[in-house]
Amino acid sequence: MCAEIQGPAVLGYIYRGFSTLVGPDFGGKLEDTACTTCGKCIDVCPTGALLPKTKHYKPNPGYAAEHGTRCTECGLACHVTTRYAGDTLLQVLPGEENDYNGTDLCYRGRFAWQNTDMNYTAEHAEDLTIPQNTVMHLSPKMSNDMIDAALAFAREHHLDCVSTEVVPDPWDEFPGRHADMADIGRADTLVLAGKNNQVLKARARLAQLKGARLIVIDDPGDPYNRFADLLPASVKELQTHDIQGNTVFIYHRESCSRATRDAIRKKIGGMKNVKVWVNSDHLNTRGFLTHKIPHVDELKAEHVIVFGPVPERVSAEHVIRLPLRPFRIEGTVITDTGEKIRLD
Ligand code: SF4
Ligand code: SF4
């Protein structure tokens, strides 16, 4: 599982004969390996020796109610099953619908909900007194419905709305060539650029095991690079003969440099049989783009209203934080693949 599907090849057989164990090379510590904490080995462990250590979960799943939904931690919106006891989230597991992300989840999807700061200074915008010189910072982690409500509130109170979070991307102007999971599965060549999330990398690795060529650029130091069939230093080094057959370019909009993103657009502009997947750290980047919220590199203001945790590059004397809880987003979003989904 870890070597053949997930990629890091952290777990294998060590020692011999009756002493044989499954573990990291030379019996080392898991934290010293390239483990990505995806948790898939827990799912497939045949003896039950591996169990998730999550803050509310004790291994007694009989009391948990299950709910099929989507992960709201990035633009892939992977299928997940959440387990609750009352209102308390106990576990996030891969969803039942194996046609999309298979059984893959990344660390963020499976475990990061426990790290989130859930304390907010205000619960409802209607209860707020809005000082003068307040700017509202909107987030692509919000559903379209939440953005609409926030914009209506901002209009009523004459507030400017901006965002630092969505990086403008050259591919936003070219809808219609966006790839999906099925395109990755049938690709002859896959080109990955930037810090793509683990689920996409695992899918690309599966396609490679079925014969696709895997090219990785612009993510120096990633242990995943050792699986690459070709590791060019930049997009410019890619030759036309390197990109054969049905090709999917997968790049991460927040970590790829502007130069890389421009070079990809230039390289594939006139090519046929090429699709693109621009993935994002944010669930509703494409829905957010349709609202045309102005982008600013940095926001400094006297008073700022933000949703959820204060984003990097936002500073203010007084910050009002409104709820934006992981796995509790309600409303419609548009995922990185352009799929419109409803969360409840
Ligand atoms: S958590 Fe994922 S990467 Fe780490 S050992 Fe298990 S399967 Fe491998
Ligand atoms: S890839 Fe994105 S949507 Fe999928 S589990 Fe990870 S954070 Fe969630």
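Note that the coordinates shown come from a computational prediction; the quantities given were computed from them, not determined experimentally.

Enquirer: Which residues make up the overall build of the protein, and what are the values?
Expert: Along the protein, the regular secondary structure elements total eight helices and 15 strands. Taking 2.2 N^0.38 as the reference for a compact globule, 344 residues should give roughly 20 Å; the C-alpha atoms of the protein span a radius of gyration of 22 Å, in line with that estimate. The C-alpha extent of the protein, read off along each of the three principal axes, is 70 × 55 × 35 Å. When each of the 344 residues of the protein is scored for burial, the buried share is 36%.

Enquirer: Before we move on, can you summarise the site of ligand 2 with the specific residues and values?
Expert: Of all residues adjacent to ligand 2, which total 13 residues, the nearest are Cys-71, Cys-74, Cys-78, Cys-106 and Gly-109. Here the shell around ligand 2 is built from residues that sort into eight nonpolar, three polar and two charged.

Enquirer: I'd like a description of the site of ligand 1, backed by residues and values.
Expert: In the neighbourhood of ligand 1, 13 residues make up the surrounding shell, with Cys-2, Val-10, Cys-35, Cys-38 and Cys-41 lying closest. Among the secondary structure elements, those contributing two or more residues to the shell around ligand 1 are helix H1 (2-6) and helix H2 (40-44). Partitioning the shell around ligand 1 into residue classes produces eight nonpolar, four polar and one charged.

Enquirer: How would you sum up the nonpolar core? Please name residues and give values.
Expert: Nonpolar side chains tend to gather and get buried jointly when the protein is soluble and globular. The biggest cluster of nonpolar side chains holds 49 residues, and the ones touching the most others in it are Cys-78, Leu-190, Val-191, Phe-249 and Ile-250. Contributing elements (two or more residues each) for this core: strand E5 (88-94), strand E8 (189-193), helix H6 (198-209), strand E9 (213-217), strand E10 (247-252), helix H7 (258-268), strand E11 (274-279) and strand E14 (331-334). Examining the composition of this core, we find that five residues originate from one element, H6, more than from any other. Counting the residues that make up this core, at least three belong to each of domain 1 (36-115) and domain 3 (170-279). Other than its neighbours up to four places away in sequence, Cys-78 contacts Arg-70, Cys-71, Tyr-100, Asn-101, Leu-105, Gly-109 and Val-199.

Enquirer: Explain the domain arrangement of the protein residue by residue, including any values.
Expert: Looking at the assigned domains, one finds that the protein contains domain 1 (36-115), domain 2 (125-166 + 284-343) and domain 3 (170-279). Computed over C-alpha atoms, the centres of domain 1 and domain 2 are 27 Å apart. At the junction of the two partners, domain 1 supplies ten residues and domain 2 supplies eight residues. When its residues are assigned to classes, the side of domain 1 that touches domain 2 shows four nonpolar, four polar and two charged.

What counts, and where the lines are drawn
- Along each chain, the written sequence defines residue order, and numbers are assigned to residues from 1.
- By the order in which they are written, chains take letters starting at A while ligands take numbers starting at 1.
- Owing to the predicted nature of the model, reporting of local features is limited to residues with pLDDT of at least 70; listing and counting of side-chain atom pairs is limited to 80 or more, with chain, interface and lining totals taken over all residues.
- Secondary structure is summarised from DSSP: a helix means a run of H or I of at least four residues, a strand means a run of E of at least two, and numbering begins at the N terminus for each.
- With the radius of gyration taken over C-alpha atoms, the globule rule is written as 2.2 Å times the number of residues to the power 0.38.
- Backbone-placed C-beta atoms define the burial measure: a residue is buried with 20 or more other C-beta atoms within 10 Å of its own, exposed with 12 or fewer, and partly exposed in between.
- Here, nearness is defined through the C-beta atom: a residue counts as near a molecule or strand if that backbone-placed atom lies within 6 Å of it.
- Polar here means any residue outside two lists: the nonpolar Ala, Val, Leu, Ile, Met, Phe, Trp, Tyr, Cys and Pro, and the charged Asp, Glu, Lys and Arg; Gly therefore counts as polar.
- Put simply, a nonpolar core is a cluster of buried Ala, Val, Leu, Ile, Met, Phe, Trp, Tyr and Cys residues tied together by C-beta atoms within 7 Å.
- The split of the chain into domains comes from an automatic or database domain assignment.
- Any residue pair is listed as a contact if its two C-beta atoms, each placed from the backbone, are within 7 Å.

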